Amino acid sequence: MTIRNWIRFFVHTLLIGGVAASILGFFIRWDELSPLISSGGWKDIFSILTWHVFVGFTFSVISQMGFFAYLTVHQFGAGLFRSFWNSVQLVIIAFVLFDLVYFRFQAFADKGESIVPYLGVALLLLLISLGVAFFKAKQSNKRVFISALFFMIVITVLEWLPVLQANNTKWLYIMLFTLVPCNAFQLLALPKYNQHSSQKSGA
């Protein structure tokens, strides 16, 4: 990828993170923002949303670091495990999803609390990841489905860890739904940017 296209790729991902976090912040923190809207505190509203944009930029950078780390891990894993790499990825996916439910439930659930909300978060991530992996396989070939699923689940959870450990419900969803579109965009858009770079080089 050329420097110019890498910068475009970086900026576009950054903008996706900023927009996603600001929109999510507006709806998830509506209970805090609605009194400000009623009282005409537009400066405060603007400050809060601007802060969310910059938080989204930060999450986007985390997402991009995770993506490029994944590309290295994928090459290493494919070289080390060869034909078993897909099986290894499936085992890691299952382990991460289990941890996402079981360890969070053990760490944060109150006595008598249902495990369903913890299952729901993992199931939501799985369903979104399956959809992104399906489009990636359709865009490229069927062999990349498991690798795409691995990235969308395992790498997203690793990027999400700081908020998972804090267990703040609002930030749990704000960070997740900022990381997911950033990760999906990078996974699906990278071939397009690489193709543009190849065309420029060929020209």
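Here, residues in each chain are numbered from 1, in the same order as that chain's written sequence. Local features in a predicted model are, by the rule used here, given only for residues with pLDDT of at least 70; side-chain atom pairs are given and counted only at 80 or more, and totals for whole chains, interfaces and linings are based on all residues. Note: side-chain values were computed over all heavy atoms of the structure, leaving out hydrogens and water.

Draft legend 1. Spotlight on the packing of helix 4 (residues 85–108) against helix 6 (residues 145–166). The contact between helix 4 and helix 6 brings their axes to 9 Å, and the two run at 25 degrees. As judged from the angle between their axes, helix 4 and helix 6 are roughly parallel. In terms of crossing hand, the pair formed by helix 4 and helix 6 is left-handed. Contact residues: Asn86, Gln89, Leu90, Ile92, Ile93, Val96, Leu97, Leu100, Arg104 and Phe108 in helix 4; Ile146, Ser147, Leu149, Phe150, Ile153, Val154, Val157, Trp160, Leu164 and Gln165 in helix 6. Here the axes come from fitting lines to C-alpha atoms, over the contacting stretch only for helices, and the angles between their N-to-C directions go from 0 to 180 degrees. Labels follow the DSSP assignment, with helices taken as runs of H or I lasting at least four residues and strands as runs of E lasting at least two, numbered in each case from the N terminus. The scheme is simple: roughly parallel for angles under 35 degrees, roughly antiparallel for over 145, roughly perpendicular for 65 to 115, oblique for anything else. Crossing handedness: left-handed means the near helix sits turned counterclockwise from the far one by under a right angle, and right-handed means the same turn made clockwise. By definition in these notes, contact holds between two residues if any of their heavy atoms fall within 4.5 Å.

Draft legend 2. Summary view of the pattern of salt bridges. Salt bridge criterion: a side-chain nitrogen from Lys or Arg within 4 Å of a carboxyl oxygen from Asp or Glu. Under the definition given, this model contains 1 salt bridge. For lysine 170, the salt bridge identified is with aspartate 31, shortest N-O distance 3.3 Å. Taken together, the residues lysine 170 in helix 7 (residues 169–202) and aspartate 31 in helix 2 (residues 30–38) connect sequence positions 139 residues apart. With a relative accessible area of 27%, lysine 170 lands in the partly exposed category. We call a residue buried when its accessible area falls under 20% of the maximum for its residue type, exposed when it is over 50%, and partly exposed in between, using a 1.4 Å probe and counting protein chains only.

Draft legend 3. Up close: the environment of valine 53. Relative to the elements of secondary structure, valine 53 occurs in helix 3 (residues 42–81). Overall, the relative accessible area of 24% leaves valine 53 in the partly exposed class. Counting along the chain gives 35 residues from valine 53 to glycine 18, while the straight-line C-alpha distance between them is 4.2 Å. Here valine 53 is in contact with Gly18 and Ser22, once residues within four sequence places are set aside.

Draft legend 4. View of the side chain of arginine 29. Locating arginine 29 in the fold gives a position in the loop between helix 1 (3–28) and helix 2. For arginine 29, a relative accessible area of 15% translates into the label buried. Within the local environment of arginine 29, its side chain forms a polar contact with the side chain of histidine 52, the two groups lying 3.0 Å apart. Pairs of N or O atoms within 3.5 Å make up the polar contacts considered here, provided that, within protein, one atom can donate a hydrogen while the other can accept it, and that residues adjacent in sequence are counted only when both atoms are side-chain atoms.

Draft legend 5. Quick look at the packing of aromatic side chains. Stacked, tilted and edge-to-face are the three classes assigned to paired rings of Phe, Tyr and Trp, where Trp is represented by its six-membered ring and a pair needs centres within 6.5 Å; plane angles under 30 degrees give stacked, over 60 edge-to-face, the rest tilted. In this structure the tally under the stated criterion is 21 aromatic pairs. With a centroid separation of 6.3 Å and an interplanar angle of 75 degrees, the aromatic rings of phenylalanine 185 and tyrosine 193 are classed as edge-to-face. The exposure class assigned to tyrosine 193 is buried, which follows from its relative accessible area of 4%. One aromatic cluster in this structure is built from Phe9, Phe67, Phe68, Tyr70, Phe81, Trp85, Phe150, Phe151, Phe185 and Tyr193.

Draft legend 6. Examining the nonpolar core more closely. Residue types Ala, Val, Leu, Ile, Met, Phe, Trp, Tyr and Cys, when buried and joined through side-chain atoms within 4.5 Å, form a set referred to as a nonpolar core. Ranked by internal contacts, the top residues of the largest apolar core, which has 41 residues, are Leu125 and Trp160. Of all the secondary structure elements, the ones that give two or more residues to this core are helix 1, helix 3, helix 4, helix 5 (116–139), helix 6 and helix 7. In terms of residue count, helix 6 provides more of this core than any other element does, 12 residues in total. Non-local contacts of tryptophan 160, meaning those with residues more than four positions away in its chain, are made with Leu100, Val121, Leu125, Leu172, Met175, Leu176 and Leu179.

Draft legend 7. Examining unusual backbone geometry more closely. With a phi angle near 50 degrees, arginine 82 is a residue other than glycine that sits in the positive phi range. One can find arginine 82 in the loop between helix 3 and helix 4. In the Ramachandran plot, asparagine 167 falls in the positive-phi region, its phi being about 60 degrees despite a non-glycine side chain. Mapped onto the secondary structure, asparagine 167 falls in the loop between helix 6 and helix 7.

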